Amino acid sequence: MIHAKELREVLHFGFSLQFLRMALFWTLSLIISYLHLFIQRFPFSRKSNSYPRCPPANTATFRPLCIITGATSGLGKAAAYALSKEGFYVVLVGRSSHLLSKTMVEIKEKNKNAHLKGFQVDLSSFHSILKFKGSLEQWLSDSNMHSSIQLLINNAGILATSCRLTTEGCDQMMATNYMGAFSLTKLLLPLLRSSPVPSRIVNVSSFTHLNVFDMQVDEGTITGKCFSRPKQYPCAHIYEYSKLCLVLFSYELHRQLGCMHNSRHVSVIAVDPGAVETNIMREVPSCISHMAFMVLKLLFLLQSPEKGVSSILDAALAPPEISGVYFFGGKGRTVKSSALSYNTKLAEKLWTTSCDLFLKLCLASEQATSLLSNCVS
């Protein structure tokens, strides 16, 4: 039985513009994505590329290392299990130490040969990401493993329904979904470059990015501060923006690395897993999220994490030379992302603005560490 408070929350969210946007526009953009796959079957259509999966470089003396963020549930958990079966040493990154331990036990039960390591990290906190980098490097050194990474999957993401600011003053959803992935990638890029075999970055985006037709790129946008002004928190818009930022970032990083001779073996791929039944909608009133999943099931658009992870695995295991593409639909298939995502000027501006913010966060973190050490001494 629904209590009065829960009923108010359901009615407030159910009749909001944000929910209507999610219910109509997101469903439509998902259907359009599958229509693109369907049209590609016809002889007159422009064919997209489909790529086979390649086994990772795995020898008796070298085991490739994979880092997966948001690895304690849903797609991240499914990817961690699947890639452990492929022979990767999987580093699971998550916010809850309890869930990390539980997930590793569950994976071990299904794959006793799995090599796993868990790190508690809050992707919305730059300080936490910076701390993780140091802990990871120390672990690699202590374990006598090669000081490199072969695969980084930026999968962590949230759909917040209320405005929450991080300790750095950023919107939590933009910080987790985009700026956290950007910062982690920037910090771990030296380890990806130092890999003795081709390495790869996979950014998990979403079909929802198709609903962004215009975008103002400045610090206020990528921190999410500009979204805290409206009376109603524009959760759908912010989620869409964060996912478009990931695609723009993927393509720009692909171009940046292509210009650097010593980094040609680092590839970057964006991937859209489609609609997957995960706990991404945990902040949405439960009766509404259940109804949404039911409708998607009736439309045959909802996948389990075990099936939805297919596109992520396609991207992770695609041939080493593949980079700067957008995987969707499983079976190694790629499609075109939104027209706006190929705007190179927009991508360059996003890159520059993100790098400037990244530098500010680095300097602020150094100052905080310095102040703390002075207080202790």
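In this report, we go over the structure that sits alongside the text. (Residues numbered from 1 in each chain as written. Predicted model: local features only at pLDDT ≥ 70, side-chain atom pairs only at ≥ 80, totals over all residues. Heavy atoms only, no water.)

### Concerning the overall build of the chain
Line of reasoning, step 1. In terms of regular secondary structure, the chain is built from twelve helices and nine strands.
Line of reasoning, step 2. A globule of 377 residues ought to have a C-alpha radius of gyration of about 21 Å, and the chain, at 20 Å, matches this closely.
Line of reasoning, step 3. By its C-alpha atoms, the chain is 65 × 55 × 45 Å across when sized along the principal axes.
Line of reasoning, step 4. Counting the 377 residues in the chain, one finds 53% classified as buried.
Line of reasoning, step 5. Long-range contacts, defined here as pairs at least 24 residues apart, represent 79% of the contacts in the chain between residues at least 6 apart. (Helix = DSSP H or I, 4+ residues; strand = E, 2+ residues; numbered from the N terminus. Rg over C-alpha atoms; globule rule 2.2 N^0.38 Å. Buried < 20%, exposed > 50% of the residue type's maximum accessible area, 1.4 Å probe, protein only. Contact = heavy atoms within 4.5 Å.)

### Focus: helix α2 (residues 17-39)
Line of reasoning, step 1. Between its first and last C-alpha atoms α2 spans 32 Å; for 23 residues at 1.5 Å apiece the expected length is 33 Å, and the two agree.
Line of reasoning, step 2. Taken residue by residue, α2 has Q18, F19, R21, M22, W26, T27, S29, L30, S33 and L37 as its buried positions. (Expected span 1.5 Å × (residues − 1).)

### Topic: the environment of S148
Line of reasoning, step 1. Mapped onto the fold, S148 is located in the loop between α5 (126-142) and β4 (151-154).
Line of reasoning, step 2. Residues S148 and P64 lie 84 residues apart in sequence; the distance between their C-alpha atoms is 8.8 Å.
Line of reasoning, step 3. Here S148 is in contact with L65, L140, L191, S194, S195 and P196, once residues within four sequence places are set aside.
Line of reasoning, step 4. At a separation of 2.9 Å, a polar atom in the side chain of S148 contacts the side chain of Q150. (Polar contact = N/O pair within 3.5 Å; in protein donor to acceptor, adjacent residues only side chain to side chain.)

### Points about the packing of aromatic side chains
Line of reasoning, step 1. Using the criterion set out here, one finds 15 aromatic pairs in the structure.
Line of reasoning, step 2. Ring centres 5.4 Å apart and planes at 35° place the aromatic pair W26 and Y239 in the tilted group. Of this pair, W26 sits in helix α2 while Y239 sits in helix α8 (residues 235-258), and the two are 213 residues apart along the sequence.
Line of reasoning, step 3. The exposure class of W26 is buried, given its relative accessible area of 10%.
Line of reasoning, step 4. With 5.7 Å between their ring centres and 85° between their planes, F126 and F358 make a pair best called edge-to-face. Of this pair, F126 sits in helix α5 while F358 sits in helix α12 (residues 344-376); the two residues are 232 residues apart in sequence, bridging distant segments of the chain. (Phe/Tyr/Trp six-rings, centres within 6.5 Å; stacked < 30°, edge-to-face > 60°.)

### Comments concerning the side chain of S206
Line of reasoning, step 1. Within the secondary structure layout, S206 lies in the loop between β5 (199-204) and α7 (219-223).
Line of reasoning, step 2. Take S206: its relative accessible area is 6%, and that puts it in the buried class.
Line of reasoning, step 3. Engagement of the side chain of S206 in a polar contact is seen with the side chain of T208, the distance being 3.0 Å.
Line of reasoning, step 4. Aside from chain neighbours lying at most four places away, what touches S206 is Y239, K243, D272 and Y326.

### Regarding unusual backbone geometry
Line of reasoning, step 1. Positive phi, normally seen in glycine, also occurs at N144, with a value near 60°.
Line of reasoning, step 2. Following the sequence through the fold, N144 ends up in the loop between α5 and β4.
Line of reasoning, step 3. Positive phi, normally seen in glycine, also occurs at F300, with a value near 60°.
Line of reasoning, step 4. Checked against the element boundaries, F300 lands in the loop between α9 (286-298) and β8 (302-303).

### Section: a nonpolar patch on the surface
Line of reasoning, step 1. On the surface, L28, I31, I32, L35, F38, I39, F42, M291, V295 and L299 cluster together into a nonpolar patch covering about 820 Å² of accessible area.
Line of reasoning, step 2. Only α2 and α9 provide two or more residues apiece to the nonpolar patch.
Line of reasoning, step 3. The element that contributes the greatest number of residues to the nonpolar patch is α2, accounting for six residues.
Line of reasoning, step 4. The topology assignment puts L299 in the loop between α9 and β8. (Patch = residues over 30% accessible without salt bridge, like charges linked within 9 Å, V, L, I, M, F, W, Y side chains within 5 Å. Areas by Shrake-Rupley, 256 points an atom, 1.4 Å probe, with all protein chains shown as cover. Salt bridge = Lys/Arg side-chain N within 4 Å of Asp/Glu carboxyl O.)

### A few points about the side chain of Q150
Line of reasoning, step 1. Following the sequence through the fold, Q150 ends up in the loop between α5 and β4.
Line of reasoning, step 2. Take Q150: its relative accessible area is 5%, and that puts it in the buried class.
Line of reasoning, step 3. Among the polar contacts made by the side chain of Q150, one reaches the side chain of S195 at a distance of 2.9 Å.
Line of reasoning, step 4. The contacts of Q150, once residues within four sequence positions are left out, are F62, R63, P64, L65, L192, S195, P196, V197, P198, S199 and R200.

### Quick word on the pattern of salt bridges
Line of reasoning, step 1. Tallied over the full model, the rule gives eight salt bridges.
Line of reasoning, step 2. Between K77 and E106 there is a salt bridge; the shortest N-O distance is 2.3 Å. In this pair, K77 sits in helix α3 (residues 74-85) while E106 sits in helix α4 (residues 97-110), placing the two residues 29 residues apart along the sequence.
Line of reasoning, step 3. Taking relative accessible area as the criterion, E106 reaches 23% and is therefore assigned partly exposed.

### So, the sheet that holds strand β1 (residues 65-69)
Note on sheets: strands pair through backbone hydrogen bonds, and any given pair is parallel or antiparallel.
Line of reasoning, step 1. The strand order across the open sheet formed by seven strands is β3-β2-β1-β4-β5-β6-β9, and the pairing between neighbours is parallel. Since the sheet does not close on itself, it has two edges, and those belong to β3 (115-120) and β9 (326-328), each with one partner. Looking at each pair of strands side by side, their axes are set apart by 20° on average, direction ignored.
Line of reasoning, step 2. Pairing of strand β2 (residues 89-94) with β3 involves six bridges; the strand directions are parallel. The residue of β3 that forms the bridge with V90 is L116. (Pairing = 2+ DSSP bridges. Axes fitted to C-alpha atoms, helices over the stretch in contact; angles between N-to-C directions.)

### As for the packing of α2 against α8
Line of reasoning, step 1. One way to put it is that α2 packs onto α8 with a least axis distance of 7 Å and a crossing angle of 50°. With respect to their mutual orientation, α2 and α8 come out oblique. Every residue of α8 that contacts α2 at Q18, R21, M22 and W26 is listed here: C235, A236, H237, Y239 and E240.
Line of reasoning, step 2. The residue makeup of the contact of α2 with α8, split by class, is five nonpolar, two polar and two charged. (Parallel < 35°, antiparallel > 145°, perpendicular 65-115°, else oblique. Nonpolar A, V, L, I, M, F, W, Y, C, P; charged D, E, K, R; others polar.)

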